[in-house]
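# A structural walkthrough
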Amino acid sequence: SQQGEEDPQALSIQEGENATMNCSYKTSINNLQWYRQNSGRGLVHLILIRSNEREKHSGRLRVTLDTSKKSSSLLITASRAADTASYFCATSLVDYKLSFGAGTTVTVRA
Amino acid sequence: DAGVIQSPRHEVTEMGQEVTLRCKPISGHDYLFWYRQTMMRGLELLIYFNNNVPIDDSGMPEDRFSAKMPNASFSTLKIQPSEPRDSAVYFCASSPPGVSYNEQFFGPGTRLTVL
């Protein structure tokens, strides 16, 4: 069963705008990762945040983690057409076993 | 450096036939994962290996599914006999040794259609 649930399911924004998506999970975790999947391709790792971290940045990506609320958010700033993809959060409790959410589909309009 | 390689990229078969999916992980990675992705169930972990040994196969749906990793550079996922509900995209991923929270590197997937 899926541990994480992304919200919203779909998001459409104009190029240059920011995109924010959220992930909620049910049980305690060691870390939370965000992945991107372009249409017809495999998943690509974006960023990992550990359970003892609250915020992390990577380029135009900003991830927050609130373990008390069991939630995380991914912010993509100054979006580009190339950011059009599905974004998944993945939680890990033990070892390498990842549990993926259903994903948020982001469409960036030119 | 080549990423995770999967073959075939597309497979169309008839119900009852045996299907074998193949994966070559990134050199030096000692974890290998098989996932299945469908619209209904999302991305599910089927099985994963460490140093060629299956660690957790609790996600394998039923006995029709089997996976092997005879060496560090090759793994197979076999479905015998295949059924229409097995239609999905199957991904292989690998991860390097080290701490338990390493990222996983995904292959391009095999799109399986069972008629």
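The notes below deal with the structure included here. The model shown is predicted, which means the values in this text are computed figures rather than measured ones. (Residues numbered from 1 in each chain as written. Chains lettered and ligands numbered in written order. Predicted model: local features only at pLDDT ≥ 70, side-chain atom pairs only at ≥ 80, totals over all residues. Heavy atoms only, no water.)

## A closer look at the packing of aromatic side chains
Filter applied, for reference: Put simply, two rings from Phe, Tyr or Trp (the six-membered ring, in Trp's case) pair if the centres are within 6.5 Å, and we call them stacked under 30 degrees between planes, edge-to-face over 60, tilted for the rest. Strands are runs of DSSP state E lasting at least 2 residues, helices are runs of H or I lasting at least 4, and numbering of each runs from the N terminus. Burial here depends on accessible area, computed with a 1.4 Å probe over protein chains only, as a share of the maximum for the residue type. Under 20% is buried, over 50% is exposed, and the range in between is partly exposed.
In this structure the tally under the stated criterion is 10 aromatic pairs over all chains. Plain terms: the ring middles of Y35(A) and F106(B) are 5.8 Å apart, the flat faces sit at 75° to each other, and that makes the pair edge-to-face. Of this pair, Y35(A) sits in strand β4 (residues 31–37) while F106(B) sits in strand β10 (residues 105–106), on two different chains. In this pair, the class of Y35(A) matches that of F106(B), namely buried. Between F100(A) and F106(B), the aromatic rings sit 6.1 Å apart at their centres with planes inclined by 85°, giving edge-to-face as the arrangement.

## Brief notes about the interface of chain B and chain A
The cut-off we apply is this: The criterion used for residue contact is that any of the two residues' heavy atoms lie within 4.5 Å. Buried area counts how much accessible surface, traced with a 1.4 Å probe, disappears from two parts once they are put together, with both parts' losses summed. A side-chain nitrogen of Lys or Arg and a carboxyl oxygen of Asp or Glu constitute a salt bridge if their distance falls within 4 Å. We call two N or O atoms a polar contact when they sit within 3.5 Å, provided that within protein one can donate a hydrogen and the other can accept it, with sequence-adjacent residues counted only if both atoms are side-chain atoms. Each residue gets one label: Ala, Val, Leu, Ile, Met, Phe, Trp, Tyr, Cys and Pro are nonpolar, Asp, Glu, Lys and Arg are charged, and the others, such as Gly, are polar.
Contacts between the two partners involve 26 residues from chain B and, on the opposite side, 18 residues from chain A. Together chain B and chain A conceal approximately 1800 Å² of surface at their shared face, both sides included; 53% is due to carbon and sulfur atoms. Where chain B packs against chain A, one counts 1 salt bridge. Its salt-bridge partner being K97(A), residue D56(B) comes within 2.7 Å of it at the nearest N-O pair. Linking chain B with chain A are 4 residue pairs in polar contact (both at pLDDT 80 or more), by the criterion used here. Classifying every residue of the side of chain B that touches chain A gives 13 nonpolar, 9 polar and 4 charged.

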